[in-house]
Amino acid sequence: MYEGAIQDLIDELGRLPGVGPKSAQRIAFHVLSADPADVNRLAGALRKVKELVRFCTSCYNVAESDTCRICRDPRRTDEVICVVEEPKDVVAIERTGEFRGRYHVLGGAINPLEGIGPDNLRIRELMTRLGGGAIRELILATDPNTEGEATATYLALMVKPMGIAVTRLASGLPVGGDLEYADEITLGRAFEGRRAV
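Note that the coordinates shown come from a computational prediction; the quantities given were computed from them, not determined experimentally.

Per the UniProt entry, the sites bearing "zinc finger region: C4-type" (unreviewed entry) are residues 56-71 in this numbering. Counted over residues 56-71, helix gives 19% and strand 12%. Its end C-alpha atoms are 8 Å apart.

Below, the structure is given as structure tokens:
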């Protein structure tokens, strides 16, 4: 459509997840009309994240040193590990303020259709952490979809013989939601996870 540098920018932006052709074009023209100092700050932030950010050697969350701030925090308990798929899931759980244990980021979920099996995830590293004997509970906080359920089931089967309690995050109806708009799977899980009042 366009020539040269602007089309190259649109093409590169379009490769980002969640950015379609129209969004890529809007962002490209925003960058073109933006103040040069703002564009330099954005370019610098992109370079900096690639240079400085790596994965924590313990839990595989994002970090700027060998271990992330959560793994360095002495106030957190070492007895409970919450398993998540991606670093963004750690952020979501941390926002609740309810969890005070450690994390383990798998780097995805089992998805045979995409060619992702257990060996493509950080399951071996998780099993090594669990082998130390200090862990009393493993919380499976994978996504409530087919891939997340398959991953949780696989992990539960692997960990149960170790004598560690394995739990799964509850799933069900959102606060403020209407029953008539809930899908059958969500409503079914809400019934399974009901509790006394």
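Following the structure, the description resumes.
For the coordinates displayed, the defined rule picks out 0 disulfides. No disulfide involves Cys68; its sulfur sits 3.6 Å from the nearest other cysteine sulfur, which is in Cys59. For Cys68, a relative accessible area of 3% translates into the label buried. With no disulfide of its own, Cys82 lies closest to Cys59 among cysteine sulfurs, the gap being 11 Å.

With that out of the way, let us pick up the sheet that holds strand E5 (residues 137-140). Hydrogen bonds along the backbone pair up the strands of a sheet, which may run parallel or antiparallel. In space, the 4 strands of this open sheet follow the order E4-E3-E5-E6, with parallel pairing throughout. Two strands lie at the open edges of the sheet, namely strand E4 (102-105) and strand E6 (165-168), each paired on one side alone. The average undirected angle you get between the axes of adjacent strands in this sheet is 25 degrees. Bridge count between strand E3 (residues 80-84) and E5: 4 bridges; the pairing is parallel. Bridge pairing in E5 places Cys82 opposite Ile139.

Under the present numbering, the feature "domain: Toprim" (unreviewed entry) in UniProt falls on residues 79-174. Between the end C-alpha atoms of residues 79-174 there is a gap of 29 Å, over a span that is 33% helix and 18% strand.

For the rest of this paragraph, the subject is the environment of Val83. Residue position: Val83 is located in strand E3. Residues Val83 and Tyr2, spaced 81 residues apart in sequence, show a C-alpha to C-alpha distance of 45 Å. If we skip the residues at most four places from it in the chain, Val83 touches His104, Leu106, Leu126, Leu138, Ile139, Leu140, Ala141, Thr142 and Leu155.

Given a rise of 1.5 Å per residue, 14 residues ought to cover 20 Å, and the 20 Å separating the end C-alpha atoms of helix H7 (residues 146-159) matches this to within 8%. Buried within H7 are the following residues: Gly148, Thr151, Ala152, Leu155, Ala156 and Val159. Summarising the axial view, the buried residues of H7 lie within an arc of 135 degrees, below the 170-degree limit, and thus occupy one face. Seen from the open side of H7, the exposed residues pointing more than 90 degrees away from its buried face are Thr146 and Leu157. For H7, the secondary structure elements touched by its buried residues are E3, helix H6 (123-130), E5 and E6.

How each quantity is defined
- Throughout this description, residue numbers start from 1 for each chain and increase along the sequence as written.
- For a predicted model such as this one, the threshold for reporting local features is a pLDDT of at least 70, and the threshold for listing and counting side-chain atom pairs is 80 or more; totals across whole chains, interfaces and linings nevertheless cover every residue.
- Side-chain numbers here rest on the full set of heavy atoms in the structure, without hydrogens or water.
- UniProt positions are given in the numbering used here, feature names are shortened, and annotations may be inferred rather than shown by experiment.
- Each helix is a run of DSSP H or I of at least 4 residues and each strand a run of E of at least 2, with the numbering of both proceeding from the N terminus.
- Counting rule for disulfides: a pair of cysteine sulfur atoms within 2.5 Å.
- Burial status follows relative accessibility: with a 1.4 Å probe on protein chains alone, a residue under 20% of its type maximum counts as buried, one over 50% as exposed, and anything between as partly exposed.
- Strands qualify as paired when DSSP identifies two bridges or more between them.
- Working convention: axes come from line fits to C-alpha atoms, limited for helices to the stretch in contact. Angles between N-to-C directions cover 0 to 180 degrees.
- Only heavy atoms enter the contact rule, under which two residues are in contact if any of them lie within 4.5 Å.
- Multiplying 1.5 Å by the residue count of a helix minus one yields the expected span of that helix.
- By arc we mean the arc of the directions from the helix axis to the C-beta atoms, nothing more.

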